[in-house]
Amino acid sequence: MSHQNVTILDIQQAKHKGRKLVMVTAYDYPFGLMAAEAGVDIVLVGDSLGMVVMGLDGTVAVTMEHMIHHIRAVVRGCRGPLIIGDMPFMSYNTSIREAIHNAGRLLKEGGCDAVKLEGGVDFASTVEAIVKAGIPLQGHIGLTPQTASALGGFKMQGRDAAAAKRIIEDARALENAGVFSIILEAVPAPLGKLVAASVRVPVIGIGAGVDVDGQVLVTHDMIGLFDKFIPKFVKQYTRIRTVILEALEHYKADVIDENFPGPEHSFKMSDAALAELKKMLDIAEPDGN
């Protein structure tokens, strides 16, 4: 039975109805389950897992096998939202044939509903071929983490008029190639508004201002679980890392002080069975005198 309730059509119609789309990341079963219970529209199994789950410095080293593994886990727990799997670096860059094959793997082996890849005008032909193969695709422009080093690092994009114009051209190229939505990352808020107005497909922002068609955040950022760095565009709704650390420290102290496990956490054995066992093992009872 399919996990999916939110459809591609639902996502596309949200823009025309003026309803903001809510999108978050998930990388495993528990977070997929919670995202579904929270009622979000879209769950992205992003290659950001390389940083927030695997401890890498970036996303470049993430493989297809990593993505399929994590997509499967999310799909098991996520019933309702549209699930998108990220195409990792070099899974679509070398040839259109390989791009179609790898996009198909994410759907067939991972079980997600759609895929996402980074790039605009330069990857329009690849996007078009994947969509023609029957695979729904979300675009990603602005700051593209897989090629962040070529963009000068994890910095705001579209600062000047020429750069901003290129981002709008990227959005239009992706729309013409058949994407059902676009992620727009780390651009000035006025540019985010212009990009959203320039295309008919939903534009979901991450650091692109409020005047786009929806928002996406990395869950580990927004709950304060990943604190290696906090992007400017992240709002931390809680700091769960502090809660977890306090629990671990409390547990450590309880073990050392023999406060855990207590009687309520321990299994019992009848006195008769214990006495019989000791007799079998020839264990003498301590002298009570």
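Predicted model, so just to flag it, every value in this text is computed and none were measured.

Undergrad: Any details on the sheet that holds strand E4 (residues 114-118)? Residues and values, ideally.
TA: If you walk around this closed barrel you meet the eight strands as E1-E2-E3-E4-E5-E6-E7-E8, and the pairing is parallel. The sheet shows a mean angle of 25 degrees between the axes of neighbouring strands, direction not considered. Bridging between strand E1 (residues 21-25) and strand E2 (residues 42-45) involves three bridges; their strand directions are parallel. In the strand pairing of E2, Met23 is matched with Ile42. Each of strand E3 (82-86) and E4 is contacted by helix H5 (residues 96-110), which is oriented at about 140 degrees to E4, the strand it contacts most.

Undergrad: With reference to specific residues and values, describe the pairing of E3.
TA: Extensive coverage of E3 is indicated by the burial of five of its five residues. The pairing of E2 with E3 spans four bridges and is parallel. The residue bridging Val43 from the neighbouring strand is Ile83, located in E3. Taken together, E3, H5 and E4 constitute a β-α-β crossover, and its handedness is right-handed.

Undergrad: With reference to specific residues and values, describe the packing of helix H6 (residues 124-132) against helix H7 (residues 161-177).
TA: Two numbers describe how H6 lies on H7: the axes approach to 8 Å, and their chain directions differ by 25 degrees. Relative to H7, the element H6 is oriented roughly parallel. For H6 against H7, the interelement crossing comes out right-handed. Judged by residue contacts, Ala124, Val127, Glu128 and Val131 of H6 engage Ala173, Leu174 and Ala177 from H7. Class assignment for the residues of the contact of H6 with H7 results in six nonpolar, no polar and one charged.

Undergrad: Hey, could you go over the packing of aromatic side chains for me, with residue numbers and the actual values?
TA: Inspection of the entire model under this criterion finds two aromatic pairs. Relative to Phe123, the ring of Tyr92 lies with its centre 5.5 Å away and its plane at 70 degrees, an arrangement referred to as edge-to-face. A residue pair is termed long-range when its members are at least 10 positions apart, and Tyr92 in the loop between E3 and H5 and Phe123 in the loop between E4 and H6 qualify at 31 residues. For Phe123, a relative accessible area of 21% puts it in the partly exposed group. Residues Tyr251 and Phe260 carry aromatic rings whose centres are separated by 6.0 Å and whose planes lie at 70 degrees to one another, so their mutual orientation is edge-to-face. Taking relative accessible area as the criterion, Tyr251 reaches 49% and is therefore assigned partly exposed. Using a relative accessible area of 34% as the deciding quantity, one classes Phe260 as partly exposed.

Undergrad: Could you give an account of unusual backbone geometry, naming the residues involved and the relevant values?
TA: Negative phi is the rule for most residues except glycine; trans is the rule for most peptide bonds. Cis rather than trans, the peptide bond between Phe260 and Pro261 has omega equal to 0 degrees. Tracing the backbone through its elements, the reader meets Pro261 in the loop between helix H10 (240-256) and helix H11 (271-280). For Met90, which is not glycine, the phi torsion reads 70 degrees and is therefore positive. Position of Met90 relative to the elements: it lies in the loop between E3 and H5. On the basis of relative accessible area, Met90 is assigned to the partly exposed category, the value being 39%. We note that Glu258 has phi near 60 degrees; this positive angle belongs to a residue other than glycine. Mapped onto the fold, Glu258 is located in the loop between H10 and H11. Owing to a relative accessible area of 69%, Glu258 belongs among the exposed residues under this scheme.

Thresholds applied
Residues numbered from 1 in each chain as written. Predicted model: local features only at pLDDT ≥ 70, side-chain atom pairs only at ≥ 80, totals over all residues. Heavy atoms only, no water. Pairing = 2+ DSSP bridges. Helix = DSSP H or I, 4+ residues; strand = E, 2+ residues; numbered from the N terminus. Axes fitted to C-alpha atoms, helices over the stretch in contact; angles between N-to-C directions. Contact = heavy atoms within 4.5 Å. Buried < 20%, exposed > 50% of the residue type's maximum accessible area, 1.4 Å probe, protein only. Right-handed = clockwise from strand over helix to strand, strands pointing away. Parallel < 35°, antiparallel > 145°, perpendicular 65-115°, else oblique. Left-handed = near helix turned anticlockwise from the far one by under 90°. Nonpolar A, V, L, I, M, F, W, Y, C, P; charged D, E, K, R; others polar. Phe/Tyr/Trp six-rings, centres within 6.5 Å; stacked < 30°, edge-to-face > 60°.

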